[in-house]
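Fold and geometry: a report
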Amino acid sequence: LISNFLLHALSSSQMDGENPPDIEHECEVFDLTFHPSQPLVAGALINGDVVLHHYTLRENKVAWSVENHEDSCRAVSFNDDGKFLFTASSDRSLLCVDTATGQVCHQQLEAHSSGIYSLHNVPEVGLVATGDDEGCIKLWDVRQQGAVAQFDQHKDFISDITSVHYKKLLLAASADGSLSIMDWRKKTRKATEALDDELLSLVVMKNRKKVVCGTQDGMLLIYNWGQWGDYSDRMVGHPKSIDTVCKIDENILCTGSSDGIIRVINILPNKLLGVVGEHGDFPIERIRLSGDRHFMGSCSHDKKIKLWNLEGLFSADGGAEEDEEEEDVMESAEVAAAAAAYEAHRQEQQALKRAAGKAAAAAAPGSAYDQDDDDEEGDWYDEDDDDD
C-alpha cells in the first residue's frame, strides 16, 4: 500500500484546479498522447483500437475510433504539428493515421520481426523511432516511408525511447538493464553497463547533463551525460516499478508507478515534492503532459484516461513554480502529520509481514528462517549525490 494519507494531503494542497471527467474505454489503455495544439488525446487499446477524444473541463467526446491493428496497440504519438498520428502494435505494424479523419495514410505491416513495444516521434527532423520485444531499434523517415537506421545491441524489449534531435542522438532503455545512446547520422552507439534491474523509462534532465531512468525495482537511476559506464546517483523510495516518467522542467519530473500513484520528484537534490493523483490499485502505464501544459494525462488497467489539472503546480508561463510555495506545503503541519501516520502504518505492515514469515518458516519442518527486512522502501533520499 502507498500512502493514502499523503495522497489526500498533497493533492488537496496542490491540485486546486478542476479535473476534466475521466475518459472511459471499453478495455485497457496501453498508451496515450496529446495533440500539440488542440484539446485532443489519443488512446492505444489492448484490443488494437485507437480512440481519439476531444476533451474540456465539462465533458469529453469521441472524435473517431479505428480498428487498424490485428493485435494490441502498444504505442501512439503525434507528429510535430499534430496532422498525423503514429501507432504501433504487437502485430509488428507501424501506421501513420490522418488526425482529421482517422484514415490510414501509410502503413508498414511488418515493420519489425517481433512486436513493437515503444514509439517516439523525433521532433523537428521528420523521423520516428520504434523499439521491439527483442531489443531492435529502427528509425523511420516519414518522407521516405522507410527505415533509415537500425540498431540491434539490446537483448530484451525496448521499454522507452527519447532523443536529443539537434545532436542526432537516440536514447533507449531496455529490460536487459542497459541504456543505449545512438548517433543515427554516424550509425554509432554506446551503452551503459547492464544491470540486474530492468530499465523501464527514461528522460533527459538538467539541460542535457543528466539522464534519469526508472527501474523495475522502483529506483530512479541518474547518469552523467557522457559518462555511460555506470549511474552516478540514485533515488529510492518507490515501493514498486517506475513504468513511466514525464519531464516537467529541467529539475522536476513526474513518475507513474505500478502501485497506481503519480508522484512529483525533484532531481538533484532528490526529493519527493508531492502527488498528482492515482488510479487505485492499478499500475500506471503512461503519463504525458498536454501541449498547453495545463493537464497531465495518465492511463492504467482501469480502462480510463485520467486528466489532471496542473493549475496548482505550474505558473502561468507553463514552467514549474520557482518560489517557495511547494516547500511550504511540504513543511505544513498537515502533511507532516500525514507522513508520520503513513510511516507508522508502513512499519506496522512490515512487522506483520515479518511475523507471518517467521510463523510460516517455523511451521515447515527443517526450515531455517533468515530474512533481512531492512529495505529502503518508502525512504526518499539520494545516495552518492553527484550534482554537478
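Right, let's walk through the structure included here. Computed from a predicted model, the values in this text were never measured in an experiment.

**Focus: unusual backbone geometry**
Cis geometry is adopted by the peptide bond preceding P269, which originates at L268 and carries an omega value of 5°. Take P269: it is sitting in the loop between β24 (261-266) and β25 (271-278). Here L268 is to be found in the loop between β24 and β25.

**Some words on the pairing of strand β10 (residues 116-122)**
In terms of burial, β10 is largely enclosed, as six of its seven residues are buried. Strand direction decides the pairing type here: β10 and strand β11 (residues 127-132), joined by six bridges, are antiparallel. Residue pairing in the sheet places I116 in a bridge with D132 of β11. Hairpin connection of β10 to β11: four residues between the antiparallel strands, including E124 at a positive phi of 70°.

**Quick look at the sheet that holds strand β22 (residues 242-247)**
Taken in spatial order, the four strands line up as β22-β23-β24-β25 in an open sheet, and their pairing is antiparallel. Edge positions in the sheet fall to β22 and β25, since each of these pairs with one other strand and no more. Strand-to-strand, the axes of this sheet are offset by a mean angle of 25°, without reference to chain direction. Relative to β25, β24 runs antiparallel, the two sharing six bridges. Directly across from V264, in β25, lies its bridge partner G274.

Thresholds, definitions, all that
Residues numbered from 1 in each chain as written. Predicted model: local features only at pLDDT ≥ 70, side-chain atom pairs only at ≥ 80, totals over all residues. Heavy atoms only, no water. Helix = DSSP H or I, 4+ residues; strand = E, 2+ residues; numbered from the N terminus. Buried < 20%, exposed > 50% of the residue type's maximum accessible area, 1.4 Å probe, protein only. Pairing = 2+ DSSP bridges. Axes fitted to C-alpha atoms, helices over the stretch in contact; angles between N-to-C directions.

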